[in-house]
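Residue-level structural notes
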Amino acid sequence: MADLKIRPRPTGATAVVGRTGFPHVISATKGEIDIVTAPSQPGFNPLDLLYSSLSACLVLSARIVASQMGVLDKISEITADVTGEKATEGLSRVAKFNIAFSIKGDIDEETRQKIAHAAEDEICTVSNTIRGNPEFSTTISG
């Protein structure tokens, strides 16, 4: 069997905003997105990006779990709809994430449950990070 060489993907992002206007974000892999702030503006705001990161990580993780379980060929689509509820007291933050998984295909309910729970509790780096208490290291320059 051939040795697989895993090449790590660069991660990170830089946001820039001027005295006026909206933030522009560039990922370490040169992806770009403009951030919006008005409720009626189409596009992503910072919370949308948080929910997007979690939902994308969950569906990718669920696909990994389904593959590990040997049932990926029976699945036609995996969806994770993520919303949240902001805290009403204390610091501005998301107090609760609401996740609605949909796993379509020729599998039983028990298998769906196993896939969703393993994706959320074991595989997804984003859900594991949110549940943890990551350390922040901040530098400031002029």
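Placed above this text is the structure.
Residues numbered from 1 in each chain as written. Predicted model: local features only at pLDDT ≥ 70, side-chain atom pairs only at ≥ 80, totals over all residues. Heavy atoms only, no water.

Below, the discussion takes up the overall build of the protein. When you go through the protein residue by residue, the secondary structure sums to three helices and five strands. For the protein, the α and β elements follow one another from N to C terminus as β-β-β-α-β-β-α-α. Relative to the 2.2 N^0.38 estimate, which gives 14 Å for 142 residues, the radius of gyration of the protein is 18 Å and therefore markedly larger than a compact globule would have. Summarising its shape, the C-alpha atoms of the protein cover approximately 55 × 45 × 30 Å along the three principal directions. Counting every atom, the protein has about 10,800 Å² of accessible surface; 54% of that belongs to carbon and sulfur. If you average the places of the 14 positive and of the 17 negative side-chain charges in the protein, the two averages end up 6 Å apart. (Helix = DSSP H or I, 4+ residues; strand = E, 2+ residues; numbered from the N terminus. Rg over C-alpha atoms; globule rule 2.2 N^0.38 Å. Areas by Shrake-Rupley, 256 points an atom, 1.4 Å probe, with all protein chains shown as cover. Lys, Arg positive; Asp, Glu negative; His and termini not counted. Charge placed at Lys NZ, Arg CZ, Asp CG, Glu CD.)

With that out of the way, let us pick up the pairing of strand 2 (residues 24–27). Regular strands have side chains that alternate between both faces of the sheet. By the bridge criterion, four bridges tie strand 1 (residues 13–16) to strand 2 in an arrangement that is antiparallel. Bridging from a neighbouring strand, threonine 14 pairs with isoleucine 26 of strand 2. As paired strands, strand 2 and strand 3 (residues 32–34) are joined by three bridges and run antiparallel to one another. For valine 25, the partnering residue across the bridge sits in strand 3 and is isoleucine 33. Hairpin connection from strand 2 to strand 3: four residues lie between these consecutive antiparallel strands, with lysine 30 at a positive phi of about 80 degrees. (Pairing = 2+ DSSP bridges.)

Moving on to the state of the cysteines. The tally for this structure, following the rule as stated, stands at one disulfide. Here cysteine 57 engages in a disulfide with cysteine 124; their sulfurs sit 2.5 Å apart. The sign of the S-S torsion, about 140 degrees, decides the handedness of the disulfide formed by cysteine 57 and cysteine 124: right-handed. One end of the pair, cysteine 57, is in helix 1 (residues 46–69); the other, cysteine 124, is in the loop between helix 2 (109–123) and helix 3 (125–131), and 67 residues separate them in sequence. On the basis of relative accessibility, which here comes to 14%, the residue cysteine 57 falls in the buried class. (Disulfide = S-S within 2.5 Å. Buried < 20%, exposed > 50% of the residue type's maximum accessible area, 1.4 Å probe, protein only.)

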